[in-house]
Amino acid sequence: MATSDAIVQIGHVTLVVHDLDRVGTFYEDVIGLERISRDASEARYGVGGQVLVQLQADKTARKSGREEAGLFHTAFLLPERADLGAWLNRAAEKGWRLEGASDHLVSEALYLSDPEGNGIEIYRDRGREDWPRKGDQILMATERLDLRDVMAEARAPWRGAPSGTVIGHVHLQVGALDPAEPFYRDTLGSNVMARYPGANFHGWSGYHHHLATNVWNSRGAKERHQPATGLAEVGLRAEPEALAQFSERFGDSVTDPWGTRFTVAAK
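Residues numbered from 1 in each chain as written. Predicted model: local features only at pLDDT ≥ 70, side-chain atom pairs only at ≥ 80, totals over all residues. Heavy atoms only, no water.

Participant: Which residues make up the side chain of N200, and what values do they have?
Facilitator: Mapping N200 onto the fold places it in strand β14 (residues 199-203). Since its relative accessible area comes to 5%, N200 is described here as buried. In this structure the side chain of N200 is engaged in a polar contact, spanning 3.2 Å, whose partner is the side chain of E181. Those residues within four positions of N200 in sequence are excluded, and the remaining contacts are L177, E181, A194, R195, L211, A212 and T213. (Helix = DSSP H or I, 4+ residues; strand = E, 2+ residues; numbered from the N terminus. Buried < 20%, exposed > 50% of the residue type's maximum accessible area, 1.4 Å probe, protein only. Polar contact = N/O pair within 3.5 Å; in protein donor to acceptor, adjacent residues only side chain to side chain. Contact = heavy atoms within 4.5 Å.)

The following block contains the structure:
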């Protein structure tokens, strides 16, 4: 199953940064995105002309703390395991620092951060038929990932994010799983696909998760004081019926209890 098969998927994230040049170069050189547009205060990066990351420069913004609500990571989904292997070979060649690597049963994932501390996951999905289940829940875990095996899967050198790369999911820090669950389930209309100690995973149309929430660093966090660095907006893309329902209820945007803004546009 591709995330694009769902009635709602992630379109883009908007991040507020202090150093537009440094962070933008990272998303081009390390993540392999193309620069789509750029001016003195804003830059957009993506794949095949589709914006995935929008950076907004604000040198006066307060630097967000690790314990605050907001972004845990933006997860870039690569089309194939061979692509993940190619990226990992490139990372080893360049000495890029990983912060983690995990087999989640439904996916294989690598973790790092951009220069201003915004978390990033680069992953590939296993086939939907291979996702373990228990009743209506999808089972996920955090197990050791065999990095050498992934690297051996590469068929060609890394040449940048391949066609078909998307933001598969966005993982968020929240102050409490309740009221997070009612907002993400009832307000945004996503299903709870999996539960994990201190985290919930929400998805549309059976995908293991498009959005996740956790309290691992942020339990008890209050609404974020703006302006601040980090996540400013998650852009969703929806099929016509879902888009019409959202627009009727909320107009062009809605915010979660901690101030994270969601917009919805047509797929």
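Participant: Report on the sheet that holds strand β12 (residues 166-173), specifying residues and quantitative values.
Facilitator: Taken in spatial order, the nine strands line up as β11-β6-β7-β8-β5-β12-β15-β14-β13 in an open sheet, and their pairing is mixed. Here the strands that pair on one side only, and so sit at the sheet edges, are β11 (143-144) and β13 (191-196). The pairing of β14 with strand β15 (residues 211-214) spans four bridges and is classified as antiparallel. Across the sheet, residue N200 finds its bridge partner in β15, namely T213. (Pairing = 2+ DSSP bridges.)

Participant: Help me get a handle on the pairing of strand β5 (residues 70-77), residues and values and all.
Facilitator: Among the eight residues in β5, eight count as buried, and that is most of the element. Inspection of the sheet shows β5 paired to β12 by seven bridges, in the antiparallel sense. For L71, the partnering residue across the bridge sits in β12 and is L172. Note: β5 against strand β8 (residues 119-125), four bridges, orientation parallel. Following the sheet pairing, T74 is matched in β8 by I120.

That is the geometry; function is a separate question.
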